[in-house]
Amino acid sequence: MSASPNRMPRTADFAAFRDPDLARELIARINALVADRAIYLMEVCGTHTVSIGRYGFRSVLPEGLHLLSGPGCPVCVTANRDIDRAIALARLDGVIIATFGDMMRVPGSNTSLIAEKAAGRDIRVVYSPLDALDIAAQNPAREVVFISVGFETTTPAMAACVLEAAERGLSNFSLFCANKTTPAALRAIEDDPQTRIDGFLLPGHVSTITGTAPYRFLVDEFSTPGVITGFEPVDILAGIEMLARMVISGAPDIKNAYPRGAHREGNTVAQRLCAEVFEPCDALWRGLGELPASGLRLRDAYAAFDASNRFDIEAEPSVEPRGCRCGDVLRGRIAPGECPLFDRGCTPEHPIGPCMVSSEGSCAASFRFKDR
């Protein structure tokens, strides 16, 4: 079986994507191809970050091939301002906060959701936004706010949740929407004069929804190649090889090495669902600043479910953790180990910045796998 740049294993047997012989073949190809060149590639998916660490690719690939972790973790890119506002909502009388578990330990300016829960606030971890609807139905005298954080992968579920709330007449349910879209972050990184990126490993999960079209600007405007790929060893290595070939040949393109999951047009049903409920808005990203049309807000037809419109949120002025360089890690300016707090006060047990909190955060992955 071969995994050339134009041909990935086409089989329902996932063992093919973990074939050690094929992985070794790809590693040898990449080493021969890159040789002593300096090439900088960035993955923009938290699951890719974890896979690269888990399989120890940095230790077996050429020294000059730099694998940088970008803004691929939605929890990590959520700005302190939004975390502080979510905490302010939790402090309102009669409000129940529903959230995914990875948001609980993210530090805000002065506290966190888990600290507020310990102080007696009603904050509940859910596994689906639909769980938050059930909480609202069971507590009609109280307001239930779901903290909605995520990229294009999870946004359709949030849209379906809003439509379900409207159908069920749950007037005590709302979203605090901090959802973001991936292409704007890629553009911001390309525009950053302090960051060199020769190619992008593009997110497989996001691309199942968006398709390939949103990434064309990378080639058309910046002559930077991108490869959509999956998460198994052969997926990652084949994506890296394809990128390296395009960088060296000077022939950039957007290629799909994940055809079993992502397709050119994406999931059009999910796209229409999101477009019905949400519209683009400017959004603040940790490390990237305010990016035009990079966030999502509820359309006017669903404004009754928007917590930002529904409540007077009075949050304290946001303050960044002193010494934390999560923003620079997310931009690819530094590796996690170059942050002065990494493993020196900032650990997964005692995180100072969000990149050390989420299991998909760059710092957490680097700490866990020791950058092997």
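Cut-offs and rules
Residues numbered from 1 in each chain as written. Predicted model: local features only at pLDDT ≥ 70, side-chain atom pairs only at ≥ 80, totals over all residues. Heavy atoms only, no water. Helix = DSSP H or I, 4+ residues; strand = E, 2+ residues; numbered from the N terminus. Rg over C-alpha atoms; globule rule 2.2 N^0.38 Å. Buried < 20%, exposed > 50% of the residue type's maximum accessible area, 1.4 Å probe, protein only. Contact = heavy atoms within 4.5 Å. Areas by Shrake-Rupley, 256 points an atom, 1.4 Å probe, with all protein chains shown as cover. Lys, Arg positive; Asp, Glu negative; His and termini not counted. Charge placed at Lys NZ, Arg CZ, Asp CG, Glu CD. Pairing = 2+ DSSP bridges. Axes fitted to C-alpha atoms, helices over the stretch in contact; angles between N-to-C directions. Salt bridge = Lys/Arg side-chain N within 4 Å of Asp/Glu carboxyl O. 1 Å grid on protein atoms, 1.4 Å probe; cavity = no way out; pocket = protein on both sides within 12 Å on 5 of 7 lines; lining within 4 Å. Points joined across faces, edges and corners; volume = space filled by probe spheres on them. Nonpolar A, V, L, I, M, F, W, Y, C, P; charged D, E, K, R; others polar.

1. Regarding the overall build of the chain
Scanning the chain for helices and strands turns up 15 helices and 11 strands. Taking 372 residues into account, the globule formula puts the C-alpha radius of gyration at 21 Å, and the chain, at 21 Å, falls close to it. Overall, the C-alpha framework of the chain stretches about 65 × 45 × 40 Å when taken along its three principal axes. In the chain, which comprises 372 residues, the proportion classed as buried is 57%. Long-range contacts, defined as pairs at least 24 residues apart, comprise 76% of the intrachain contacts of the chain with a sequence gap of at least 6. Accessible area of the chain: about 15500 Å², with a carbon and sulfur share of 50%. Here the chain contributes 38 positive and 46 negative side-chain charges, whose respective centroids are spaced 3 Å apart.

2. Some thoughts on the sheet that holds strand β4 (residues 123-125)
The strand order across the open sheet formed by 4 strands is β4-β3-β5-β6, and the pairing between neighbours is parallel. Since the sheet does not close on itself, it has two edges, and those belong to β4 and β6 (173-177), each with one partner. Averaged over all neighbouring strand pairs, the angle between strand axes comes to 25°, with direction disregarded. Where helix α6 (residues 129-138) meets the sheet, its contacts fall on β3 (95-99), β4, β5 (143-148) and β6, and the angle it forms with β5 comes to roughly 170°.

3. Regarding the pattern of salt bridges
Side-chain pairs of opposite charge can arise whenever the charged atoms involved come near each other. Under the defined criterion, the tally for this structure stands at 25 salt bridges. One salt bridge connects Glu116 with Arg121, and the closest N-O pair in it is separated by 3.3 Å. A residue is classified by how much of its surface remains accessible, and Glu116, at 6% relative accessible area, is buried. For Asp122, the salt bridge identified is with Arg124, shortest N-O distance 2.9 Å.

4. Focus on empty space enclosed by the protein
One pass over the full model with this rule turns up 2 cavities of 30 Å³ or more. Space inside the largest cavity adds up to approximately 70 Å³. The class makeup of the residues in the lining of the largest cavity is 10 nonpolar, 1 polar and 1 charged. Of the volumes computed, that of the second largest cavity is approximately 40 Å³.

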